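Chain by chain, the residues:
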Amino acid sequence: VVASTVTVDLRDYEPSALKSSTSKPTGQSMNNNHHSTIGNSLNDGTPAALKAVQAKDVEAALAELLPVIAREAYFTAALFGLSARHLSSREKKRNFENAKKGVDHSSQYFKYYMSRICGIASDTDADGKRVQGDPMLSLVSSIILNESMDGYIDREKKGGDHSLSLAYVRATIIDLRKKVDRQWVSWVEDQIRWINTHAGVPLNGKRAGIIKSFAQFPSYLDHVLSCCKEGRPIGQTPNLVKIKVVTYYLQKMVGALLKSVQECSARETTDQQYAANVMRMENSYFLTQSIKQRGTELTELFQKQILAASSICKQSTDAYLGWMIKREFKPLYSLFSSISRIRRDVGDADVPIHVSRSTFERTLSKECNREVLKEKVGVIFYRMEKHLSEESGLLPVAWKALVKVLYEWFGRWEKMSTQCYKLTLKPDAADVVRIAKAAAGISAKKRVGHGGGGDTNNVGYQNSSHMYTSDDE
């Protein structure tokens, strides 16, 4: 096999990390030279280098060879008078096909070298050698060929031999693009098949964290961007959105990722209490943030997929937070849910007839005093820390959302307490928010101190979290 490849499979890229995560992302940028690399680790643990494609060579070769082909086409057309003005459209089309055959034959060696430089795989020759295809080089070549097309459009409408020669060059470019696109698309389809194997996802879905394919896809995007920028002025990136094939199949890969996490979360073996929602919210959030952190070009390209992922994240987060609060504040939730149903039927004034004031006050005294709330909120934060992986970067966002939900729920309960029993809820909704923020701060201090510390105010929280470990994995 002749020539080496800069392409590796998606499974062989190094897992990426969000910028906000404490995990340090590995080298994700390339400078503008042919020997640039991105460090990564293969499946067997051996380090490898992801090289940049030789984009400058592709551009230089096309800049030299395409004008030669244009001259060959012009000479053939002029020699045989293939584009005379008196000819009909049908005759001109037939003459174009004849000219194409002739120029194809005379320019076969030029096309051979263009195919080689664009990374197109060849058939085995008489000596048993063949050129190995390079999907990453094919992708970059497709972008460069697409840009080269602009130089061979008869904008001045000159017509005649000039127009025919330009049409032939465009046909040559399109033919090359079909070959490089086919090669890259075949690689993409292979990666989608691997994504659909759900590699590394535990059957019960618990502590799945960021799925392997989700973690490695951003590193592939880094490689694509770096290769596309190779040889270009600093800050200049090709507009991938305008290249339909590239846009469609990159979007298809992201669609496969989202479909994969949905299928994993819906499996019969996956825990549906919380693990399914955690899996969906973590991976959809990670994917969205990873794309956005890589600039406006990719954000625009994956706009629909980002919206879909954000919707999945929101729905899953709402369900997860609801489950968390209902679980930890079960007596309060049951009490106020019952009161809400009753007041819809009989009105506020008659609620105490169905739920006596003594029962109401006893439940509040037992379940809604400040110390109990501190303990319960602390347990919720501990549980959320346990469920959400550090790699997802979701804990601060999810906790902020939970604090908002707690404020809304306790605000409604406070209103019902006042309207039905003329009783002010203490602690009120604002107090619950302060307790929740304090719980997050305490946990942060504990993480900094590696779990140590002699703060006696945390005893209840530590005991409760230890108790929680035994009944939920």
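Residues numbered from 1 in each chain as written. Predicted model: local features only at pLDDT ≥ 70, side-chain atom pairs only at ≥ 80, totals over all residues. Heavy atoms only, no water.

(A) Structural view of the overall build of the protein chain. A tally of regular secondary structure across the protein chain gives 17 helices and two strands. Looking at the protein chain as a whole, 48% of its 473 residues are labelled buried. Within the protein chain, contacts between residues at least 6 apart in sequence are counted, and of these 76% link residues at least 24 apart. Split by element, the accessible area of the protein chain, about 24000 Å² in all, is 52% carbon and sulfur. (Helix = DSSP H or I, 4+ residues; strand = E, 2+ residues; numbered from the N terminus. Buried < 20%, exposed > 50% of the residue type's maximum accessible area, 1.4 Å probe, protein only. Contact = heavy atoms within 4.5 Å. Areas by Shrake-Rupley, 256 points an atom, 1.4 Å probe, with all protein chains shown as cover.)

(B) Spotlight on empty space enclosed by the protein. For the coordinates displayed, the defined rule picks out three cavities of 30 Å³ or more. Put simply, the second largest cavity is a space of about 40 Å³. Taken together, Gly205, Lys206, Arg207, Ala208, Tyr274, Ala275, Val278, Met279 and His387 make up the lining of the second largest cavity. Among the elements that make up the lining of the second largest cavity, the one with the highest residue count is helix 8 (residues 275-292) (three residues). Of the residues belonging to the lining of the second largest cavity, the class tally is five nonpolar, two polar and two charged. (1 Å grid on protein atoms, 1.4 Å probe; cavity = no way out; pocket = protein on both sides within 12 Å on 5 of 7 lines; lining within 4 Å. Points joined across faces, edges and corners; volume = space filled by probe spheres on them. Nonpolar A, V, L, I, M, F, W, Y, C, P; charged D, E, K, R; others polar.)

(C) Structural detail: helix 11 (residues 330-346). Along its 17 residues, helix 11 runs 24 Å from first to last C-alpha, staying within 8% of the 24 Å computed at 1.5 Å per residue. Residues Leu332, Leu335, Phe336, Ser337, Ile339 and Ile342 constitute the buried set of helix 11. Where helix 11 is buried, its residues touch helix 12 (351-354), helix 13 (357-367) and helix 15 (395-421). Gly347 sits one or two residues past helix 11 and shows a positive phi near 95°. (Expected span 1.5 Å × (residues − 1).)

(D) Inspection of the packing of helix 11 against helix 13 at higher detail. Orientation of helix 11 relative to helix 13, taken along the N-to-C sense of each, is 150°, at an axis distance of 10 Å. Relative to helix 13, the element helix 11 is oriented roughly antiparallel. For helix 11 against helix 13, the interelement crossing comes out left-handed. Two secondary-structure elements touch here, helix 11 through Pro331, Leu332, Leu335, Phe336 and Ile339 and helix 13 through Phe360, Thr363, Leu364 and Glu367. Classifying every residue of the contact of helix 11 with helix 13 gives seven nonpolar, one polar and one charged. (Axes fitted to C-alpha atoms, helices over the stretch in contact; angles between N-to-C directions. Parallel < 35°, antiparallel > 145°, perpendicular 65-115°, else oblique. Left-handed = near helix turned anticlockwise from the far one by under 90°.)

(E) Representation of the packing of aromatic side chains in the model. Under the definition given, this model contains 16 aromatic pairs. Relative to Tyr220, the ring of Tyr13 has its centre 5.7 Å away and its plane inclined at 75°; by these criteria the two rings are edge-to-face. On the criterion of sequence distance, the pair formed by Tyr13 in the segment before strand 1 (37-41) and Tyr220 in helix 6 (residues 212-229) is long-range, its members being 207 residues apart. The burial state of Tyr13 is the same as that of Tyr220; both residues are buried. Between Tyr333 and Trp409 the ring centres are 5.6 Å apart and the planes differ by 25°, which places this aromatic pair in the stacked class. Of this pair, Tyr333 sits in helix 11 while Trp409 sits in helix 15; the two residues are 76 residues apart in sequence, bridging distant segments of the chain. Given the relative accessible area of 27%, Tyr333 is considered partly exposed. Look at Trp409 and you get buried, because its relative accessible area is 13%. A network of ring pairs unites the aromatic residues Phe329, Tyr333, Phe336, Phe360, Trp409, Phe410, Trp413 and Tyr421 as a single cluster. (Phe/Tyr/Trp six-rings, centres within 6.5 Å; stacked < 30°, edge-to-face > 60°.)

(F) Seen up close, the packing of helix 7 (residues 244-266) against helix 8. Running from N to C, helix 7 and helix 8 cross one another at 165°; their axes reach a closest spacing of 8 Å. Compared by their axis directions, helix 7 and helix 8 come out roughly antiparallel. In the crossing of helix 7 with helix 8, the sense of the turn from one axis to the other is right-handed. For the pair formed by helix 7 and helix 8, the contact residues are Val254, Leu257, Leu258, Val261, Gln262, Cys264 and Ser265 on the first element and Ala276, Met279, Arg280, Asn283 and Leu287 on the second.

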